[in-house]
Amino acid sequence: MSAFIGDMTPEAGNETQTDESGPDQENIITETQEDSASSSQQTNESLRPNLRHRMLQKTGLSEPQPKDDTIEYPADDEYGLFEQGRDYEPVYVTHKYTKEEQRTLSSFESVDYLPPHSEIYKQWLKNQGPLGYNLGRWVIMGLIGFFVGMIGFLLHDLIEEIAHLKWHLTRQFIDDNDFGLACVVAIAYSLVFIIFSSFIVVFLRPSAAGSGIPEVTGFLNGTMVRHIFNVKTLAVKFFSCVAAVGCGLPVGPEGPMIHMGALVGAGVSQFQSETLRINLPIFERFRTSEDRRNFISAGAAAGVASAFGSPVGGLLFSMEEVSSFWTTTLSWQIFFCCMISTFTTDLFNSAFAGFKFTGAFGQFKTTRYILFNIERGIDVNILMFIPTIIIGLIGGLLGAVFTILHLKMTRGRKRFLANIKSEWLQKLLRIFEPAVIIIIVTILSVYLPQAFGCTKFTCIEGVSGDVSVNCMNDTRNPLHVESTVETYTCKKGIITGSTNTTIYTNSTYNEMATLMFGTLENAVKRLFSRDTHLQFGFGSLLTMLVIYFLLICWATGTSVASGALVPMLLVGGLYGRAVGLLMTYMFGVHSEDFGYWAWMDPGVFSLIGAASFFGGVTRLALAVTVIMMELTNDVQILLPVMVSVMVAKWVGDFFTHPIYHALLELKCIPLLDPEPRVRIDKQQLNLDLYKAGDIMSSPVITVQTRESVSVLSTLILNTTHGGFPVISKNTDGSESFFGIITRMEVIVLLKNDALFKPENDSEESLEEDGAPSWVEYNQKDLPSFKELLNVHKLTDPHDTSVMLHKYASDPRYSSLYIDLKMFANQSALFIPEKFSLQRTYIIFRTLGLRHLTVVDCRNSVKGVITRKDLMGFYMEERLEEKMKRRPTLELDDLQNRGTDSANHVV
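About the cut-offs
- Residues numbered from 1 in each chain as written.
- Predicted model: local features only at pLDDT ≥ 70, side-chain atom pairs only at ≥ 80, totals over all residues.
- Heavy atoms only, no water.
- Helix = DSSP H or I, 4+ residues; strand = E, 2+ residues; numbered from the N terminus.
- Buried < 20%, exposed > 50% of the residue type's maximum accessible area, 1.4 Å probe, protein only.
- Contact = heavy atoms within 4.5 Å.
- Areas by Shrake-Rupley, 256 points an atom, 1.4 Å probe, with all protein chains shown as cover.
- Pairing = 2+ DSSP bridges.
- Axes fitted to C-alpha atoms, helices over the stretch in contact; angles between N-to-C directions.
- Phe/Tyr/Trp six-rings, centres within 6.5 Å; stacked < 30°, edge-to-face > 60°.
- Polar contact = N/O pair within 3.5 Å; in protein donor to acceptor, adjacent residues only side chain to side chain.
- Disulfide = S-S within 2.5 Å.
- Patch = residues over 30% accessible without salt bridge, like charges linked within 9 Å, V, L, I, M, F, W, Y side chains within 5 Å.
- Salt bridge = Lys/Arg side-chain N within 4 Å of Asp/Glu carboxyl O.
- Parallel < 35°, antiparallel > 145°, perpendicular 65-115°, else oblique.
- Left-handed = near helix turned anticlockwise from the far one by under 90°.
- Nonpolar A, V, L, I, M, F, W, Y, C, P; charged D, E, K, R; others polar.

A. Local environment of the overall build of the protein. Summing up its helical and strand segments, the protein has 29 helices and 22 strands in all. Put simply, the protein has 906 residues, and 58% of those count as buried. Taking all contacts inside the protein whose residues are at least 6 apart in sequence as the whole, residues at least 24 apart take part in 77%. As presented, the protein carries roughly 36,100 Å² of accessible surface, and 59% of it is formed by carbon and sulfur atoms.

B. Region of interest: the sheet that holds strand E21 (residues 851–855). Read across the sheet, three strands follow the order E20-E21-E22 without closing on themselves; strand pairing throughout is mixed. At either end of the open sheet lies a strand with only one pairing partner, and these are strand E20 (830–832) and strand E22 (861–866). Across the sheet, the axes of successive neighbouring strands diverge by a mean angle of 30 degrees, strand direction being ignored. When E20 meets E21, the two strands line up parallel, connected through three bridges.

C. Spatial organisation of the packing of aromatic side chains. Under the criterion given, the structure shown has 32 aromatic pairs. Aromatic side chains Phe238 and Phe239 sit 5.2 Å apart centroid to centroid with 90 degrees between the ring planes, which places their arrangement in the edge-to-face category. Put simply, the rings of Trp167, Phe179, Tyr447, Tyr488 and Phe517 pair up and form one aromatic cluster.

D. Fine view of the side chain of Ser697. Among the secondary structure elements, Ser697 is positioned in the loop between strand E13 (683–684) and strand E14 (703–704). Look at Ser697 and you get buried, because its relative accessible area is 1%. Only 3.0 Å separates the side chain of Ser697 from the side chain of Asp869, close enough to count as a polar contact.

E. Examining the state of the cysteines more closely. Inspection of the entire model under this criterion finds two disulfides. Covalently, Cys454 is tied to Cys490 through a disulfide, its sulfur atoms 2.1 Å apart. Across the S-S bond of Cys454 and Cys490 the torsion is about -95 degrees, and the bridge reads as left-handed. Taken as a pair, Cys454 in the loop between helix H15 (423–447) and strand E5 (455–456) and Cys490 in the loop between strand E8 (471–474) and strand E9 (495–498) lie far apart in primary sequence, 36 residues in all. Disulfide pairing is shown between Cys459 and Cys471; the S-S distance is 1.5 Å. Judged by the torsion about the S-S bond (40 degrees), the Cys459/Cys471 disulfide is right-handed. In this pair, Cys459 sits in strand E6 (residues 458–460) while Cys471 sits in strand E8, placing the two residues twelve residues apart along the sequence. Judged by its relative accessible area of 0%, Cys459 falls in the buried class. Residue Cys471 is classed as buried on the basis of its relative accessible area, which comes to 0%.

F. Summary view of the environment of Met260. With respect to the helices and strands, Met260 occurs in helix H9 (residues 254–268). The spatial distance from the C-alpha of Met260 to the C-alpha of Gly152 is 9.3 Å, given a sequence separation of 108 residues. Among residues more than four places away in sequence, those in contact with Met260 are Ile151, Leu155, Leu234, Lys237 and Phe238.

G. Expanded view of the sheet that holds E14. Ordered in space as E14-E16-E17, the three strands form an open sheet in which the pairing is mixed. Bordering the open sheet on either side are E14 and strand E17 (735–742), each of which pairs with just one other strand. When E14 meets strand E16 (residues 723–729), the two strands line up parallel, connected through two bridges. Note that in E16 the partner of Gln704 across the bridge is Ile727. Packed on one face of the sheet, helix H25 (residues 743–750) meets E16 and E17 and runs near 80 degrees to E17.

H. Molecular detail of a nonpolar patch on the surface. On the surface, a cluster of nonpolar side chains totalling about 610 Å² of accessible area is made up of Ile382, Leu383, Ile386, Ile390, Tyr596 and Trp597. Mapping Leu383 onto the fold places it in the loop between helix H13 (366–369) and helix H14 (385–418).

I. Expanded view of the packing of helix H8 (residues 231–246) against H9. Running from N to C, H8 and H9 cross one another at 155 degrees; their axes reach a closest spacing of 10 Å. It follows from the interaxial angle that H8 and H9 lie roughly antiparallel. Both H8 and H9 take part in a crossing whose hand is left-handed. Along its contact with H8, which presents Thr233, Leu234, Lys237, Phe238 and Cys241, the element H9 presents Pro256, His259, Met260 and Leu263. Class assignment of the residues belonging to the contact of H8 with H9 gives a composition of six nonpolar, two polar and one charged.

J. Region of the structure containing the pairing of E9. Across three bridges, E9 lies against strand E10 (residues 502–505) in antiparallel orientation. Note on E10: the bridge partner recorded for Gly497 is Tyr504. Counting the residues in the hairpin turn of E9 and E10 gives three residues.

Put into structure tokens, the structure is as follows:
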């Protein structure tokens with residue numbers, strides 16, 4: 001048995017294991033492939049003194065994953081404030097990790113996309129049969145869509161009810177000019193909900209904080225993340241999001257909806273829950289890693305579809321951002337899931353408004369069917385692309401600033417909490433942080449509008465007349481001010497007169513109150529409104545932009561379930577409308593129905609600005625464009641939206657990584673990008689010029705096809721490797737690669753002593769067994785196997801550890817063996833040492849591998865490539881080291897050639 005650096009372990013390359021390994025582990029790490037035949041007994045003896053110190057976690061590892069990354073901060077972070085490669089990192093620059101962060105990266109376990117293709121798996125497939133397999137997938141997709149749509153309906157209606165009651169109470173006191181009492185009532189009302197929202201997250205499920213999109217993305221990329229698909233997480237996420245968004249925190253529900261959709265996909269497709277103690281045999285056929293991840297991808301897409309009413313946008317969001325593996329068949333199935341999700345949400349919205357039955361069941365009204373409906377479109381003009389590009393530039397710059405500022409705030413919060421020794425004080429601070437934000441937001445909402453004067457209603461009299469005040473509307477010209485604006489303390493007034501075409505009023509309204517009162521969605525609707533050129537001025541737009549830009553950066557990192565998608569639309573809509581307003585000031589107000597200058601509408605540029613900021617932060621081109629079209633029903637400005645999104649993406653890429661990828665790096669969750677980026681000395685490397693052997697971990701701990709129980713137990717207790725290459729002996733005594741067996745599979749086998757056979761016992765054929773060959777770790781007697789080796793965590797880690805200690809220390813288990821041939825993944829990929837590194841990365845990432853074995857020309861195992869080996873920072877370190885050693889290697893090679901030539905002459 002030779003040394004193996006397994007799946008995402010703290011050690012790398014030829015480094016020895018740290019912490020729990022002890023000095024004896026070094027004997028294994030330095031062992032060579034030639035000694036593998038006699039290594040089992042040596043390994044068992046050398047590691048035995050350390051066995052009493054090792055207890056397994058539920059993951060099967062001896063080292064736990066971080067329980068709550070909010071309070072984890074690396075003590076060795078000495079990077080500067082604007083160090084390139086940390087928060088400020090163009091997309092072509094690899095993120096830099098400290099040594100502590102690298103250890104956190106290594107604590108995460110990976111998972112294969114495809115299930116292990118073992119003899120047992122093939123036997124089980126034969127017994128399943130093809131009947132109803134594809135139909136079952138479509139049924140599950142429909143169920144996921146229905147439940148996600150139902151959750152979306154409940155979520156939005158609860159948020160609307162909470163927000164409506166808050167502002168109804170506040171307006172009553174403001175109407176009486178009692179601002180102090182209005183502020184006290186609004187704050188008290190909000191504090192009840194926000195403290196509840198943060199309390200359940202901090203004390204019940206810290207993993208429910210934030211949007212959950214980075215964690216879902218990390219899992220679908222192949223990394224196991226703790227507690228993100230637990231039913232308790234779903235409940236906490238739902239109620240925390242409802243309370244936080246409803247009470248007025250400047251966050252949105254769309255991000256949490258994506259996570260909750262993924263949670264539904266993970267639960268409904270499996271029909272089992274450890275928390276609820278449910279394990280129904282329904283859809284048992286789909287309890288494989290591939291199917292589970294496909295259903296989670298569908299759930300995430302359905303969450304977008306329900307939240308935005310955007311089925312196609314949900315499909316594209318899942319494909320472009322969340323999922324790492326995609327097929328044409330999966331596209332159709334997720335499309336169906338998104339369709340059902342949107343249909344379910346719209347169906348309930350048609351029948352209920354605030355949980356009151358409207359009597360219009362099945363009538364999809366535009367006001368409820370499309371979130372930000374645009375009633376009047378405009379004709380696109382080529383001149384329109386000049387301000388559109390400017391808006392795209394602003395979107396990219398502000399998107400990068402938003403990302404950097406959000407990361408800096410999050411790092412500052414983590415560092416502050418990490419320096420507090422009292423756990424209770426940490427939790428109290430995390431609970432009251434969003435409470436401070438909601439107090440600031442409420443005070444600003446109540447008092448800030450007083451700093452802005454009252455604005456008169458404005459319209460244009462005649463087809464193309466001059467701007468006129470005290471004019472509510474004119475039927476000959478569409479320019480107007482919406483009747484739903486907030487009067488605040490301004491004169492409500494009356495209609496002073498009317499003609500056949502025009503209505504006059506002496507009423508006034510407050511611009512800032514119109515933007516700040518109510519939910520963020522209401523503010524976005526008002527910004528997107530058409531033919532309201534002069535409804536808002538520069539003062540209110542820019543003031544709102546600065547305040548909410550900072551508050552959104554702060555609030556989205558607190559310990560509540562929250563997203564930033566609708567807040568992004570608000571920020572983008574504010575500066576987009578300001579650009580549009582500037583156009584009207586420079587070139588006049590043009591509001592004729594089909595005139596050459598009709599495109600100069602601030603509402604149009606507000607929508608373009610919202611798309612640009614959305615794209616500048618997330619860098620999603622396809623999904624953002626389609627979502628904006630489905631959100632607003634304004635297909636006419638599709639091309640300007642596309643241009644602004646692309647410009648924002650290009651500009652943003654120059655400064656930072658996309659927000660969700662940056663958060664994955666901040667949380668130290670391993671992620672493999674679609675394409676590798678390795679730069680050394682500011683030069684992008686062509687990885688086709690390097691080979692797999694340059695970055696593989698070597699040498700490797702391997703196991704024989706028949707391995708002793710003692711050796712296997714010792715390996716589990718004394719290594720953190722995620723899997724072990726299985727080797728078989730050839731007739732000539734050499735060894736060749738047979739397959740891969742994972743750590744958890746070995747634990748499952750060791751828990752079934754019916755598999756233990758004496759060394760001289762003849763191997764039994766799988767075909768003679770005849771029963772479905774699945775193994776379930778909690779079974780004691782195994783007359784036939786009933787569960788596949790797909791267990792992801794242990795229910796009894798302590799008992800398992802005691803059992804393994806017994807096997808490793810009792811000499812009689814050294815003579816008992818397990819035949820691994822039936823259980824090893826015989827379709828595990830392997831490549832030669834000289835295989836292109838670029839193509840190695842593509843194969844590993846595209847197929848969703850966990851281990852990729854490297855062999856020599858004789859098919860002997862020489863190394864293993866895991867997720868960590870392909871991380872950008874690690875490849876840079878290994879290749880830079882190789883480049884420094886290259887002159888020495890070339891000189892040695894020349895000297896060897898000279899010696900060989902001299903010997904040849906002699």
